[in-house]
Structure formats: C-alpha cells, structure tokens
Amino acid sequence: MADPISIKQTIVVRSRPDVLYRLALEPRRRVQWDPNLVQADYEGPEGRLANNARVKFKFSRRLLGLRFTAKYGQLQAPQRGGWESVRHVGPLDKLTQSWVFRPMPGGTEVTMTVNARVRFGFVKVPLERILHNMVATTLLELQRRVDAQGAQLLEDMGREMQERQKAEKKAAKEAQKAAKRKK
C-alpha cells in the first residue's frame with residue numbers, strides 16, 4: 001500500500017465562524033458554491049448536520065465523477081467538523097475531510113485538511129495533485145462566496161495586527177527589563 005496523502009491549507013475569510021461552518025459542512029449549501037461537488041445530500045429523509053449523519057456526495061468530472069457515502073464526525077459548531085468516507089472512493093481506500101474555523105479580528109482563519117489512503121501505489125502522484133487542486137479550489141471558492149474584494153485586505157490587516165502585537169510585546173518586555181535594571 002502506498003503512503004497516505006495528507007493536504008492541509010489555511011486561508012483567512014472575512015466572515016463569522018458560524019456562517020463559514022454552515023457553508024462548508026451543510027451539504028445542500030456546499031453543493032451551491034463548491035465546483036468540486038455535483039451532488040451532496042443527506043442519506044434518509046430527516047437528514048441534518050449531526051455526528052454520524054450520512055451524506056451522499058458526487059464529485060465533478062474533474063475529480064473523476066466519483067460517488068461515495070461519508071459519515072460526519074467531530075462536529076463542534078462553529079469551531080470544527082468533518083467527515084470520512086464509509087467505504088472506498090474509487091482508487092482511494094479512505095477519504096477524510098476536516099475543517100477548523102478559528103476566529104480572529106475581522107474574520108476567521110479557515111483550515112481545510114484532506115487525508116486519503118491510496119489503494120494502488122501507481123495512482124498516488126496524480127491523485128495527490130488532483131486533491132491539492134480540489135482543496136485550493138474549495139478554499140478559494142469559499143472565500144469568493146463570502147467576500148471577494150475584502151479577503152486580501154483582511155489578510156493584510158491580520159498580518160499587520162500580528163506584527164503590531166509582537167512589537168508591543170517586545171516593547172513591554174524591554175520596559176520590564178529596564179525597570180528591573182533601575183532597581
């Protein structure tokens with residue numbers, strides 16, 4: 001068996017974590033904005049977003065048009081959630097997807113992680129490339145869905161704020177050292 005594939009990417013989106021949580025994890029909402037999914041719906045009539053809820057997905061043709069059933073788990077609204085495939089997904093033995101939504105000033109840091117176990121070693125490299133593209137596309141489309149123009153501005157503001165906080169901490173430490181020297 002080939003090595004597992006693990007892809008993790010993070011972006012900053014100008015929106016509240018609860019809004020992003022529903023957009024990313026609610027299958028009916030997700031299929032409206034994610035170009036990687038053609039179909040996504042709960043298995044059974046009373047489907048709702050909950051741990052152990054089963055969802056049927058169908059990827060776009062770009063992702064080989066694979067159909068599979070997944071089971072939700074680790075749902076902690078609005079901080080995290082994800083799903084894992086119930087059975088193999090085409091050439092993948094197992095496919096999992098998880099989301100983490102961390103609030104920050106002016107928006108949310110969104111981390112998407114995809115893990116897969118390949119059934120056949122010779123398809124690992126092309127599948128890894130396909131999954132990387134899927135993760136990048138999904139995150140960009142989520143960002144576009146919420147806020148096209150302000151996303152870059154928010155990321156820049158977040159970096160500036162972090163740099164300012166680091167400078168303030170450094171200045172406070174230096175002030176403490178100076179105060180100790182005076183004693």
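To keep things clear, this report deals only with the structure shown in the data block. Per-chain numbering applies: the sequence of each chain, read as written, is numbered from 1 onward. At least 70 in pLDDT is required for a residue's local features to be given in this predicted model, at least 80 for side-chain atom pairs to be given and counted, and no such filter applies to totals for whole chains, interfaces and linings, which use all residues. Only heavy atoms go into the side-chain values, all of them from the structure, while hydrogens and water stay out.

Looking only at helices and strands, one finds 4 helices and 7 strands in the protein chain. Atoms counted for the radius of gyration: C-alpha only. Globule rule: 2.2 Å times residue count to the power 0.38. Whereas a compact globule of 183 residues would reach a radius of gyration of roughly 16 Å, the protein chain reaches 20 Å, over 25% beyond that. Seen through its C-alpha atoms, the protein chain measures out along the principal axes to roughly 70 × 40 × 30 Å. The buried label applies to any residue whose accessible area, calculated with a 1.4 Å probe on protein chains only, is under 20% of its type's maximum; exposed applies above 50%, and partly exposed to all values in between. Within the span of the protein chain, comprising 183 residues, buried residues form 39% of the whole. Two residues form a contact once any of their heavy atoms are found within 4.5 Å. For the protein chain, the proportion of contacts with a sequence separation of at least 24, taken over those separated by at least 6, is 52%. The protein chains shown are the only cover counted for residues, whose accessible areas, like all others here, come from Shrake-Rupley with a 1.4 Å probe. Here the protein chain has roughly 11,100 Å² of accessible surface; of this, 49% comes from carbon and sulfur atoms. Secondary structure elements are defined from DSSP: runs of H or I of at least 4 residues count as helices, runs of E of at least 2 residues count as strands, and each element is numbered from the N terminus.

Time to look at the packing of aromatic side chains. Here a ring pair, both rings aromatic, is described through the centre-centre distance and the interplanar angle of the planes. Only the six-membered ring of Trp is used, alongside the rings of Phe and Tyr, when aromatic pairs are assigned; centres must lie within 6.5 Å, and planes under 30 degrees apart are stacked while those over 60 apart are edge-to-face, with the rest tilted. Under the defined criterion, the tally for this structure stands at 7 aromatic pairs. Summarising the aromatic geometry, the rings of Tyr 21 and Phe 101 are spaced 6.1 Å apart at their centres and angled 75° between planes, so their arrangement reads as edge-to-face. With Tyr 21 in helix 1 (residues 17-25) and Phe 101 in strand 6 (residues 92-104), the pair connects residues that are 80 residues apart, well separated along the chain. Per residue, the accessibility class of Tyr 21 equals that of Phe 101, and both read buried. Between Trp 99 and Phe 101, the aromatic rings sit 6.0 Å apart at their centres with planes inclined by 5°, giving stacked as the arrangement. Taken as a pair, Trp 99 and Phe 101 share a single burial class, namely buried.

All right, on to the sheet that holds strand 1 (residues 5-13) then. The strands making up a sheet are joined through hydrogen bonds of the backbone, oriented either antiparallel or parallel. Two strands make a pair as long as DSSP finds a minimum of two bridges between them. Across the sheet, which stays open at both edges, the 7 strands sit in the order 1-7-6-5-4-3-2 with antiparallel pairing between neighbours. Looking at strand neighbours, the two that pair on one side only are strand 1 and strand 2 (37-42), the edges of this open sheet. On average, each strand axis in the sheet is tilted by 20° relative to the strand beside it, whichever way the strands run. In terms of strand pairing, strand 5 (residues 80-85) meets strand 6 through 5 bridges, oriented antiparallel. To get an axis, a line is fitted to the C-alpha atoms, and for a helix only the part in contact is used. The angle between two axes follows their N-to-C directions and goes from 0 to 180 degrees.

If you look at the biggest cluster of nonpolar residues, it comprises 41 residues, and the most contacted ones within it are Phe 57, Tyr 72, Leu 95, Trp 99 and Val 110. Mapped by element, the contributors of at least two residues to this core are strand 1, helix 1, strand 2, strand 3 (54-59), strand 4 (67-76), strand 6, strand 7 (107-118) and helix 3 (124-146). For this core, the leading source of residues is helix 3, giving 6 residues. Dropping the residues within four chain positions of it, Phe 57 is found in contact with Leu 37, Gln 39, Ala 40, Leu 66, Arg 67, Phe 68, Ala 70, Tyr 72 and Trp 83. Think of a nonpolar core as a cluster: buried Ala, Val, Leu, Ile, Met, Phe, Trp, Tyr and Cys residues, connected wherever their side-chain atoms sit within 4.5 Å.

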